[in-house]
Amino acid sequence: MTVIQTRSLTKRFSSSAPAALNELSIEVGDGVTGLVGANGAGKSTLIKILLGLLAPTSGGATVLGHDIGGQGEAIRSVVGYMPEHDCLPPDMRCIDFVVHMGRMSGLPPAPARERAADVLRHVGLAEERYRLMGGYSTGMKQRAKLAQALVHDPQLVMLDEPTNGLDPAARDDMLALVQRIGHDFGIPVLVTSHLLGELERISDHVVVLDAGDLLRSEATRTFLADTGLVLVEVLGETDAQTRMGEALAARGLSCRPRGTLIEIDPIPTEGAGDDTGNAATADPMPDPEAAARAHDRLRDVVRDTAAELGVGLVRVQPQTGRLEDVFRDEVPA
Ligand SMILES: Nc1ncnc2c1ncn2[C@@H]1O[C@H](COP(=O)(O)OP(=O)(O)OP(=O)(O)O)[C@@H](O)[C@H]1O
Ligand SMILES: [Mg+2]
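None of the values given here were measured: they were computed from a predicted structure. (Residues numbered from 1 in each chain as written. Chains lettered and ligands numbered in written order. Predicted model: local features only at pLDDT ≥ 70, side-chain atom pairs only at ≥ 80, totals over all residues. Heavy atoms only, no water.)

**Q** Got a minute to help me understand the sheet that holds strand 8 (residues 156-159) in this structure?
**A** Strands in a sheet are paired, the pairing made by backbone hydrogen bonds, and the direction either parallel or antiparallel. Spatially, the six strands line up as an open sheet ordered 7-8-9-4-10-11, and their pairing is mixed. Unpaired on one side and paired on the other, strand 7 (79-82) and strand 11 (213-219) mark the two borders of the sheet. The mean angle between the axes of side-by-side strands here comes to 15°, regardless of whether they run parallel or antiparallel. As defined by bridge partners, strand 7 adjoins strand 8 across four bridges and the pair is classed as parallel. Within strand 8, the residue paired with Y81 across the bridge is M158. Here helix 1 (residues 43-50) sits on the sheet and contacts strand 4 (32-36), strand 7, strand 8, strand 9 (189-193) and strand 10 (205-210); the angle it forms with strand 9, its principal contact strand, is near 155°. Of the strands in this sheet, strand 7 and strand 8 touch helix 5 (residues 138-150), which is tilted by about 165° from strand 7. (Pairing = 2+ DSSP bridges. Helix = DSSP H or I, 4+ residues; strand = E, 2+ residues; numbered from the N terminus. Axes fitted to C-alpha atoms, helices over the stretch in contact; angles between N-to-C directions. Contact = heavy atoms within 4.5 Å.)

This is the structure in structure tokens:
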């Protein structure tokens, strides 16, 4: 189901500055959608426009069927929003704040208290809920911000940099929470980060912005698809890597050094492209069994070559695509 649709959305903060968002047309559906881009890419601007808090310069968008031009209030009543910056009153107890936010979204007093207790338990703040938020750590503040975004049982949540300022363990916990919201609770999530690597783990779909322009909008599995390449690490005298590479090449494999590893191209599957005699032409519908056999043959060749040379085989692993490669592929250095 499409929950967000934008049409040529453009935002200029001034006529002299470049557009913060440039003719952006995207669709966001169920599950977790990662919105990634460097600082200033336009992530927060897009979220504020989708919430009806900022007006676009041109173009339009709908959120859960509501138009951003004129139906901002209807949108905000059904969307949970976790802002990027600290927005928590320091002299309030967390429980009171979350109840208050629930009341602001239209919940009666008793359900607001119940929901607040529930969401604070979900985000792991059950024990600290009676403390003043001024004394909270960054991790606790992020959790409190997440709790207030969930208290009114939203149909969609927009989380702006929920992992900002967190240490690696707290970051993993937050990412797991975000994933649970999208998958276990079934609430579509739009989540931003400037770290591509962390969103590739939890997102079903990823939208990549670069200085206001759309770079990619694709299913995450497309990025993570097995490339067919194999990475090999060998151990031996200093020239072990070079000798292994040369020996693999002598056995007809196409390979190259990649850092301390050797990257090997897949062996073409039987039947692929033989009509033209061009073995490099990929079969448009590869037979998975043939691909697996080719993969096994490649591993056998690697094993036998290493044994022959007397070098140690540390690892042989498939190379998968990564979101990090997006920027490397698309943006000139
Ligand atoms: N209120 C504003 N007035 C003028 N320019 C703004 C305003 N808000 C954002 N911008 C500009 O718009 C561009 C996009 O900013 P935005 O905050 O949306 O980026 P972002 O992707 O959220 O970045 P970050 O990762 O740093 O949060 C930036 O060049 C920023 O300077
Ligand atoms: Mg931002």
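Let us keep going from here.
**Q** Explain the packing of helix 9 (residues 240-250) against helix 10 (residues 288-309) here, please?
**A** Two quantities define a packed helix pair, namely the angle between the helix axes and the distance between the axes. Interhelical geometry of helix 9 versus helix 10 gives an angle of 125° and a closest axis separation of 10 Å. With respect to their mutual orientation, helix 9 and helix 10 come out oblique. The two elements helix 9 and helix 10 meet at a crossing, and its hand is right-handed. Along the contact surface, helix 9 presents R243, M244, A247 and L248, while helix 10 presents V301, V302, T305, A306 and L309. Classifying every residue of the contact of helix 9 with helix 10 by side-chain character gives seven nonpolar, one polar and one charged. (Parallel < 35°, antiparallel > 145°, perpendicular 65-115°, else oblique. Left-handed = near helix turned anticlockwise from the far one by under 90°. Nonpolar A, V, L, I, M, F, W, Y, C, P; charged D, E, K, R; others polar.)

**Q** How do you make sense of the coordination of the magnesium ion (ligand 2) when you look at a structure like this?
**A** Note on metal sites: the ideal angle is 109.5 degrees for four tetrahedral donors, and 90 or 180 degrees for six octahedral donors. Surrounding the magnesium ion (ligand 2) are the protein donor atoms S44 (OG), E84 (OE) and E84 (OE), at 2.0 to 2.7 Å. Highlighted residues: S44 in helix 1 and E84 in the loop between strand 7 and helix 3 (94-104), separated in sequence by 40 residues. (Donors = N, O, S within 2.8 Å, 3.2 Å for Na, K, Ca; no water.)

**Q** So what exactly am I meant to see when it comes to the site of ligand 1 here?
**A** Around ligand 1, a shell composed of F13, A20, A38, N39, G40, A41, G42, K43, S44, T45, E84 and E161 is seen. Interatomic distance of 2.8 Å between a side-chain N/O atom of S44 and an oxygen atom of ligand 1. In this structure, an oxygen atom belonging to ligand 1 sits 3.2 Å away from a side-chain N or O atom of E161. Relative to its unbound accessible area of 630 Å², ligand 1 is 57% covered by the protein chains. (Near = heavy atom within 4 Å. Polar contact = N/O pair within 3.5 Å; in protein donor to acceptor, adjacent residues only side chain to side chain. Areas by Shrake-Rupley, 256 points an atom, 1.4 Å probe, with all protein chains shown as cover.)

**Q** I would appreciate a short explanation of the pattern of salt bridges in the present structure.
**A** Side-chain pairs of opposite charge can arise whenever the charged atoms involved come near each other. All chains considered together, the criterion is met by 18 salt bridges. Note that R216 and E218 form a salt bridge whose closest N and O atoms lie 3.3 Å from each other. We classify E218 as partly exposed; its relative accessible area is 26%. Between E263 and R256 there is a salt bridge, and its shortest N-O distance comes to 2.6 Å. (Salt bridge = Lys/Arg side-chain N within 4 Å of Asp/Glu carboxyl O. Buried < 20%, exposed > 50% of the residue type's maximum accessible area, 1.4 Å probe, protein only.)

**Q** Help me understand the pairing of strand 11, please; the structure alone is not making it clear to me.
**A** In regular strands, side chains alternate between the two faces of the sheet. Of the pairings in the sheet, the one linking strand 10 to strand 11 comprises six bridges and is antiparallel in character. Considered in strand 11, the bridge of H205 is made with A219. Taking the residues between adjacent antiparallel strands as the criterion, strand 10 and strand 11 are bridged by two residues, where A211 takes a positive phi near 45°.

**Q** I tried to follow helix 6 (residues 168-183) on my own but got confused; where do I start?
**A** What sets the pattern is the α-helix's 3.6 residues per turn: residues three or four places apart point alike. The terminal C-alpha atoms of helix 6, which comprises 16 residues, lie 22 Å apart, in line with the 22 Å expected from a rise of 1.5 Å per residue. Every buried residue belonging to helix 6 is among A170, R171, M174, L175, L177, V178, I181 and G182, and all of these are buried. Looking straight down helix 6, one finds that the buried residues subtend no more than 155° of arc, so they occupy a single side. The exposed residues of helix 6 that point more than 90 degrees off its buried face are P168 and A169. Buried residues along helix 6 sit against strand 4, helix 4 (109-122), helix 5, strand 8, strand 9 and helix 7 (196-202). (Expected span 1.5 Å × (residues − 1). Arc of directions from axis to C-beta.)

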